[in-house]
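Listed below, chain by chain, are the residues.
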Amino acid sequence: MHTLPDHQLRKKYKRLCLSSKDPICTAVATGTTSLLNLQKSTLICCALSSFYKSKTGEISRIVHLLNCVFCVMTSQEKTEEYPFADIFDEDETERNFLLSKPVCFVVFGKPGVGKTTLARYITQAWKCIRVEALPILEEQIAAETESGVMLQSMLISGQSIPDELVIKLMLEKLNSPEVCHFGYIITEIPSLSQDAMTTLQQIELIKNLNLKPDVIINIKCPDYDLCQRISGQRQHNNTGYIYSRDQWDPEVIENHRKKKKEAQKDGKGEEEEEEEEQEEEEAFIAEMQMVAEILHHLVQRPEDYLENVENIVKLYKETILQTLEEVMAEHNPQYLIELNGNKPAEELFMIVMDRLKYLNLKRAAILTKLQGAEEEINDTMENDELFRTLASYKLIAPRYRWQRSKWGRTCPVNLKDGNIYSGLPDYSVSFLGKIYCLSSEEALKPFLLNPRPYLLPPMPGPPCKVFILGPQYSGKTTLCNMLAENYKGKVVDYAQLVQPRFDKARETLVENTIAEATAAAIKVVKEKLLRELQARKQAETALREFQRQYEKMEFGVFPMEATHSSIDEEGYIQGSQRDRGSSLVDTEEAKTKSENVLHDQAAKVDKDDGKETGETFTFKRHSQDASQDVKLYSDTAPTEDLIEEVTADHPEVVTMIEETIKMSQDINFEQPYEKHAEILQEVLGEVMEENKDRFPGAPKYGGWIVDNCPIVKELWMALIKKGIIPDLVIYLSDTENNGKCLFNRIYLQKKSEIDSKILERLLEELQKKKKEEEEARKATEEELRLEEENRRLLELMKVKAKEAEETDNEDEEEIEGDELEVHEEPEASHDTRGSWLPEEFEASEVPETEPEAVSEPIEETTVETEIPKGSKEGLEIEKLSETVVLPEFPEDSYPDVPEMEPFKEKIGSFIILWKQLEATISEAYIKILNLEIADRTPQELLQKVVETMEKPFQYTAWELTGEDYEEETEDYQTEAEVDEELEEEEEEEGEDKMKERKRHLGDTKHFCPVVLKENFILQPGNTEEAAKYREKIYYFSSAEAKEKFLEHPEDYVAHEEPLKPL
């Protein structure tokens, strides 16, 4: 027995279910059924055998297949866990809509059956784009595009527009952004013309579109009726309007009138009939008068002739009809709508709209401009006031104002490109119930055509254009790398990428400057040598001229004027040579000869002719020889070839460029900071080009973090002028505890270096202290020695005095002499005290020159005698170094020692420069984030930066104020005017209770979301402590809870799952 494969059984079962007209089976066939309905459809499948003319075995196989599907769905239902969350999440619904495909239509039918008229009605109701040749050509011509200019010239010259160009323009329209958002409706593909593409090729073109057609509308009409209708059409020769037969033919109009009268007679009284007849008679007379006015203006087009219409219909049936039937057979029957072409276009439109209601298709969301041309809003208005004003424009219903979006006031189009620009009130629109502010007319146009690319995830998000500044070891490089990893960006190290390029550019500038100076010096030297050569030639010319003048002396007449002129010329030549520099040797010899000749001429004027003739002959001969040599030398070589070759190694050139080479170290660009900005712009452009596909939907610009940028005011002014403006400047600081954290990092990074300096200083201080103690000990010992010496001297003096008294006093002269010696010796005792001392005492003074040996122990003295002096000092230093100990300090602090002062000064100067630069950055409206690094990990700093960067692109909450209550009262009154029943309810309930009952409350209703999140307790909120978030009202148990909610509202609202306790 022949059996069908499973996929063919599925197709047959699908057709079976659709033909059964059972709602459950139809839902199964279209894939919109549930598990229970699938089970029911399995049970009733056997009852459909009357609709399915096939073998019983195939029915059983279909039932078996349904049972298998039922088992699979049962197992999936058991294992799948549905989260307890709100299935009507606004963000998820909006995202699904933005990702959804717009509804697209194709209308098939014979020529003239009414496809264009029906498409026009559907376009107005469904807001899709009608893609037809005539509107597209008119649009191109009106926009004056390149194609439009070409079309205009072709039409003016009387040429027909080729089908290839029309199809090309239609394809461009089908792939345009507005069609991708609104969808399309096609009525002219396939066309009867086979010149550019065959029918099959046109069908394949439709199938291969990016947006494939969803709904196919087929308008059927008998050939006779269609031919009669088209042949009865007439066109106004002035307006071009097409009139059908029932609009211009009096007989047809009269027949319609009679039929209408007969249909209205049933069920009406005589008085009503008379009034209606009178009104109809007046309308008929007015209609006939209009027909009479236009009748002589109506003409029949050639394509409306009956023969031509019949030929066109015949051609359609032969070339297109069969292919279209195959296409419709392959299409989903649920989305195939067949209409009767004999019915009016309005009735056909209503049938189509009724069918579309049950297909679960979504219309395209339109955009509404929230401000008219006459309304004006100040651009400097605060965000809150602006949103309140815009939210009340063109409301769709009372109490449903336009909501604020995640973009806030940021322009979505510019943000998609990677630029954060504020939108203007004049370019504000609403889309899907939310407000969007565009920055310019150029940004508004593409957003109105298709807003989906600018609103789809990952938008909105920061473009990641960040500068991170901070002192050394503040952790800015670590934060740069972590931020780049978080946003898939790249770190631009200024010191490694920008500064080397600048240095290279400066080297190139220096090389070019030296090359230009060398070329200029070579040119100057060449010109100098040429001038000298020209001066030499002038001197030779003057010499030859003097020779010619002197030859005339042979005849006895010496022309004094010529002589004077020659002398003047020679003097001029000598002066010019002195002005230009030193002359050559041969030129000086020529001058000397000429001077000698002049002196000889003056001395020998009175002498005899023989001597004169001989001297003249001799001078003439020498002059001729010299002139011939000069003439030969000047004629054999050009002027430039006579000078030596001048190169960069020429001594004069080297001398001239020495100063330039010395100054090359100081050569720089006229505006170096602008050059820095230019190089940074090039580097950022390269980084963005390499990293443009860092993640799907990434902005065109952005994705860079600049590290190690100099904090120079002039540089930042150049960056701002160049347009390199970051979205955020992060400054890492440590102002707590006088920078203890930062200095601790510096100490840990340079611990070995700082510790070695500390030990060296302490060792030097200890050595200095030891030295001072040693010097003090030596001074004390010296004082003791001197005191002992003085004491001994006094004792000796007393002994001497006693001996002097005991001497012989016999002779008075000797006594006087002895007394005189006694007076003189004390005076000389200061200089020659050794004479007073005995020999034993003088000998005892010798060992006292080394007092240290007396105080030192004997063992150490022996060691000192054996160890050299250098080794002894090394041992002493080593012993002292063992006694030196580093200062103690807390683990999270640093040693407050002089070795840390250079780092403190460096940090202090950095802070001063930053304070000067901070004002410049703030004036450019660049956001600055000051981060304290003390007691914070890099992850905590990263989290703070990410929160700051993404906060402008999140929903914000605000405290309920009097303006909110006024808006609520206004909406309540507006709704009361619309709903009259509300007034009766107000009598029973108070107005405040009614307002509170109709408020849009959040997920937690009257309970505090903060207490629920933190303590997992349902605590009623206070109506006085209220806030608004995403147009919903939340009540809080205390002011502290409200402040927490206002700071981070997204943490206390359920998103994809219920709130969980912390």
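Each chain has its residues counted from 1, following the order in which its sequence is written. With the structure being a predicted model, the display of local features is reserved for residues of pLDDT at least 70 and the display and counting of side-chain atom pairs for 80 or more, all residues being used for whole-chain, interface and lining totals. The side-chain figures draw on all heavy atoms in the structure; neither hydrogens nor water molecules are used.

Caption draft 1: Expanded view of helix H40 (residues 938-950). Taking 1.5 Å per residue, 13 residues should reach 18 Å; H40 reaches 18 Å between its end C-alpha atoms and fits that length. Relative accessibility thresholds used throughout: buried, under 20% of the residue-type maximum; exposed, over 50%; partly exposed, between the two (1.4 Å probe, protein chains only). Runs of H or I in DSSP of at least four residues are treated as helices and runs of E of at least two as strands, each being numbered from the N terminus. Of the positions making up H40, those classed as buried are Leu941, Leu942, Val945, Val946, Thr948 and Met949. All buried residues of H40 lie within an arc of 160° about the axis, which places them on one face of the element. Looking at the packing, one finds that the buried side of H40 touches strand S13 (465-469), helix H23 (476-486), strand S16 (728-733) and strand S17 (927-932). Given the number of residues in a helix, its expected span is that number minus one, multiplied by 1.5 Å. Note that the arc is computed from the directions linking the helix axis to the C-beta atoms. We call two residues contacting when some pair of their heavy atoms lies within 4.5 Å.

Caption draft 2: Spotlight on the nonpolar core. To define a nonpolar core, start from buried Ala, Val, Leu, Ile, Met, Phe, Trp, Tyr and Cys residues and group those joined through side-chain atoms within 4.5 Å. One finds Tyr184, Phe431, Leu438 and Phe447 to be the most contacted residues of the largest nonpolar core, which totals 51 residues. Among the elements that make up this core, the one with the highest residue count is helix H9 (residues 163-174) (five residues). Excluding its chain neighbours within four sequence positions, the residues that come into contact with Phe431 are Phe97, Leu98, His181, Ala365, Ile366, Leu367, Tyr436, Pro451 and Leu455. In this structure, Tyr487, Ile746, Leu929 and Val946 belong to the second largest nonpolar core, which totals 32 residues.

Caption draft 3: Quick look at the environment of Leu339. Along the chain, Leu339 falls in strand S8 (residues 336-340). What makes Leu339 buried here is its relative accessible area of 5%. Along the primary structure Leu339 and Cys221 are separated by 118 residues, whereas in three dimensions their C-alpha atoms are 8.6 Å apart. If we skip the residues at most four places from it in the chain, Leu339 touches Leu118, Ile217, Asn218, Ile219, Lys220, Leu348, Ile351 and Val352.

Caption draft 4: Layout of the pattern of salt bridges. Salt bridges are counted wherever a side-chain nitrogen of Lys or Arg sits within 4 Å of a carboxyl oxygen of Asp or Glu. Counting across every chain of the model gives 45 salt bridges. The partner of Arg388 in a salt bridge is Glu967, with the nearest N and O atoms 3.4 Å apart. Note that Arg388 is positioned in helix H19 (residues 383-391) and Glu967 in helix H41 (residues 962-978), a separation of 579 residues in sequence. With respect to burial, Arg388 and Glu967 carry one shared label: buried. One salt bridge connects Glu765 with Arg761, and the closest N-O pair in it is separated by 3.1 Å. Taken together, the residues Glu765 and Arg761, both in helix H33 (residues 751-805) and four residues apart, mark about one turn of the helix. Connected via shared salt-bridge partners are Asp384, Arg388, Arg404, Glu963, Asp964 and Glu967.

Caption draft 5: Structural context of the sheet that holds strand S9 (residues 368-369). Pairing in this open sheet of four strands is mixed, and the strands run S9-S11-S12-S10 from one edge to the other. Two strands close off the open sheet at either side, each with one partner strand: S9 and strand S10 (403-404). One bridge is not enough; two strands pair if DSSP finds at least two bridges between them. Where S10 lies against strand S12 (residues 434-437), two bridges are found, and the strand directions are parallel. What sits directly across from Gln403, in S12, is Lys434. Axis definition: a line fit to C-alpha positions, over the contact stretch in the case of helices; interaxial angles, taken between N-to-C directions, run 0 to 180 degrees. Sitting on the sheet, helix H5 (residues 90-99) is in contact with S10, strand S11 (428-431) and S12, with an inclination near 65° to S12.

Caption draft 6: Highlighting the sheet that holds S17. One open sheet accounts for five strands, arranged S14-S15-S13-S16-S17; its pairing is parallel. Because the sheet does not close on itself, it has two edges, and the strands there are strand S14 (490-493) and S17. Each neighbouring strand pair of the sheet contributes to a mean axis angle of 25°, computed without reference to strand direction. Looking at chain direction, S16 and S17 are connected through six bridges and run parallel. Its bridge partner being in S17, Tyr731 is matched across the sheet by Asn930. Packing of H23 onto the sheet brings it into contact with S13, S14, strand S15 (704-707), S16 and S17, and relative to S15 it is tilted by some 175°.

Caption draft 7: Quick peek at the confidence of the model for the protein. A score between 0 and 100, pLDDT records how confident the predictor is in each residue. Across the protein, the average pLDDT comes to 77, with 72% of residues at or above 70. Per-residue pLDDT stays below 50 along residues 26-59; that stretch engages in 56 contacts with residues further than four places along the chain or on separate chains. This stretch, residues 69-85, has a pLDDT under 50; its non-local contacts, to residues over four places away or in other chains, come to 14 contacts.

Caption draft 8: Region of interest: the pairing of S11. Residues of S11 alternate between two faces, with Ser428 and Ser430 on one and Val429 and Phe431 on the opposite face, all of them buried. Relative to S11, S9 is paired through two bridges, and the arrangement is antiparallel. Bridging from a neighbouring strand, Thr368 pairs with Ser430 of S11. Linking two consecutive strands that pair antiparallel, namely S11 and S12, is a turn of two residues; a positive phi of about 55° is found at Leu432 within it.

Caption draft 9: Summary view of the packing of helix H16 (residues 306-319) against helix H17 (residues 321-330). Where H16 contacts H17, the two axes come as close as 4 Å, and the packing angle between them is 50°. With respect to each other, H16 and H17 are oriented oblique. Packed against H16, whose contacting residues are Tyr316, Lys317 and Thr319, the element H17 presents Leu321, Thr323 and Leu324 at the interface. We call Asp, Glu, Lys and Arg charged. Ala, Val, Leu, Ile, Met, Phe, Trp, Tyr, Cys and Pro are nonpolar, and the rest, Gly among them, are polar. Taken together, the residues of the contact of H16 with H17 sort by class into three nonpolar, two polar and one charged. Every angle not falling under 35 degrees, over 145, or within 65 to 115 is termed oblique; those three ranges are roughly parallel, roughly antiparallel and roughly perpendicular.

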